[in-house]
Amino acid sequence: MAKQYDVIVVGAGPGGMTSALYASRANLSVLLLDRGIYGGQMNNTAAIENYPGFSSVLGPDLAKDMYDGATQFGAEYAYGNVQGIEDKGAVKVVTTDTETYEAKAVVLAMGSEYRKLGVPGEEEYGGRGVSYCAVCDGAFFKNREVIVVGGGDSAIEEGLYLTQLASKVTVIHRRDQLRAQKIIQDRAFANDKMNFVWNSNVTEVLGDDQKVTGVKVVNNQTNEETVIDASGVFIYVGILPKTEEIASLGVTDADGWIATNDKMETKVPGIFAIGDVRAKDLRQITTAVGDGGVAGQQVFKYIESLSDTGVKA
Ligand code: NAP
């Protein structure tokens, strides 16, 4: 028989952990599932400077503190790679690669993942110089030259982090203006180790039979093609929602993001969505945590409403 809970939270990033905290503190039985270590993208972030209460905190440290908080009122945390969720009205069936669970409500908090650039060499040199995580892989490039592709917050923040290790960080961006927040831009422009190649697209990751040696770049104003030598290529060209496995629920839009109302309710009663998987403007730890608190409380109200109407879960 399937294990039963009041609430299953799918994804143990900051949003999911906050939902688990609020729901378990409201005395609901909660299962927090993740296919990796708790913390989500916080684990790939060195210094977090925009989470209130901390002038600067290491991502993995904040993740551990949030996990301790999330489980202190009895929420269970388990490995689970969710393969599908079925809506049976008052019961939701959550299937992972190893288990089947039932719950009265589900909070979707799977987050997002880095988009691939989609050029030749990117896949081939994955783990051999191509990376999507400066905190994980930066140390391999001590005193070497690296390239960062992208112009958003991730590219510039992680580029700045890499300046502490690499001898030179070259940011290649497709426009002549960065998308990153102004404060991060200012720091990047003031850093001697940061260089910028504007109006340029990486068309190929180059390498020898072992590792990356550079990238081929085309200037999209002049069509001039150049090769930039580097030992590492860090790609930060945006994010995609991790919602493929739950597509059959019918709560995702054409791009895979999930629309909710301000109670974090999706269009399926009893299915809530929070954090980066939501269709929204600002994807931050603070906004994920805010979403998580709202969903934790709304789940409680939803389950109360099931018993008020005499629906048996
Ligand atoms: P993002 O904001 O979507 O930026 C993606 C960057 O990649 C943009 O500069 C974009 O160029 C470029 N790009 C997209 N597709 C490309 C392609 N095919 N080839 C070359 N360049 C391409 O993504 P992100 O930086 O990963 O950030 C994701 C979210 O997390 C954002 O909401 C961000 O604010 C948030 N975040 C916040 C912080 C923080 O607050 N400290 C840190 C990290 C991330 P264009 O500019 O031309 O579109």
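What you see is a predicted model; the values in this text were computed from it and never measured.

K.L.:
Help me understand the overall build of the protein, please; the structure alone is not making it clear to me.
P.N.:
Helices and strands together make up the secondary structure of the protein, namely six helices and 19 strands. Based on the C-alpha atoms only, the size of the protein along its principal axes is roughly 70 × 40 × 35 Å. By the burial criterion, 50% of the 313 residues in the protein qualify as buried. Put simply, 60% of the contacts in the protein that link residues at least 6 apart link residues at least 24 apart. Counting every atom, the protein has about 15,000 Å² of accessible surface; 46% of that belongs to carbon and sulfur. Computed over 29 positive and 41 negative side-chain charges, the separation of the two mean positions in the protein equals 2 Å.

K.L.:
Explanation requested: the pairing of strand E16 (residues 225–229) in the structure shown.
P.N.:
Looking along a regular strand, one sees side chains alternate from face to face of the sheet. With five bridges joining them, strand E15 (residues 212–219) and E16 adopt antiparallel strand pairing. Paired with Lys-216 across the strands is Val-227, a residue of E16. Joining the antiparallel neighbours E15 and E16 is a turn of five residues, in which Asn-223 adopts a positive phi near 65°.

K.L.:
How should I be thinking about the packing of aromatic side chains in this particular structure?
P.N.:
Each pair of aromatic rings is reported with the distance of its centres and the angle of its planes. Applying the stated rule across the entire model yields 11 aromatic pairs. For the ring pair Tyr-38 and Tyr-67, a centre distance of 4.1 Å and an interplane angle of 10° mean the geometry is stacked. Within this pair, whereas Tyr-38 is found in the loop between strand E2 (30–34) and strand E3 (47–48), its partner Tyr-67 is found in helix H2 (residues 59–71), the two being separated by 29 residues in sequence. Under the relative-accessibility criterion, Tyr-38 is labelled buried at 13%. Owing to a relative accessible area of 19%, Tyr-67 belongs among the buried residues under this scheme. Cluster of aromatic residues (ring-pair linked, three or more members): Tyr-38, Tyr-67 and Tyr-77.

K.L.:
Which parts of the structure should I look at to understand the domain arrangement of the protein?
P.N.:
Where interface size is quoted, it is often the accessible area lost as the parts come together. When its domains are assigned, the protein resolves into domain 1 (3–114 + 239–308) and domain 2 (130–235). The centre of domain 1, based on its C-alpha atoms, is set 33 Å off from the matching centre of domain 2. Of the residues lining the interface, six residues belong to domain 1; the matching set on domain 2 comes to eight residues. In total, about 640 Å² of surface goes out of reach between domain 1 and domain 2, with carbon and sulfur atoms giving 50% of it.

K.L.:
Teacher, can you tell me more about the site of the ligand here?
P.N.:
Around the ligand, the structure places 20 residues, and the nearest of them are Asp-153, Ser-154, Glu-157, Arg-175 and Arg-179. Within the side chain of Glu-157, an N or O atom sits 2.8 Å from a nitrogen atom of the ligand. Here the ligand has 910 Å² of accessible area as a free molecule, and 79% of this is covered by the chains. A total of three residues in the shell around the ligand trace back to one element, the largest contributor, which is helix H4 (residues 153–162).

Basis of the calculations
Residues numbered from 1 in each chain as written. Predicted model: local features only at pLDDT ≥ 70, side-chain atom pairs only at ≥ 80, totals over all residues. Heavy atoms only, no water. Helix = DSSP H or I, 4+ residues; strand = E, 2+ residues; numbered from the N terminus. Buried < 20%, exposed > 50% of the residue type's maximum accessible area, 1.4 Å probe, protein only. Contact = heavy atoms within 4.5 Å. Areas by Shrake-Rupley, 256 points an atom, 1.4 Å probe, with all protein chains shown as cover. Lys, Arg positive; Asp, Glu negative; His and termini not counted. Charge placed at Lys NZ, Arg CZ, Asp CG, Glu CD. Pairing = 2+ DSSP bridges. Phe/Tyr/Trp six-rings, centres within 6.5 Å; stacked < 30°, edge-to-face > 60°. Domains from an automatic or database assignment. Buried area = accessible area lost by both parts, 1.4 Å probe. Near = heavy atom within 4 Å. Polar contact = N/O pair within 3.5 Å; in protein donor to acceptor, adjacent residues only side chain to side chain.

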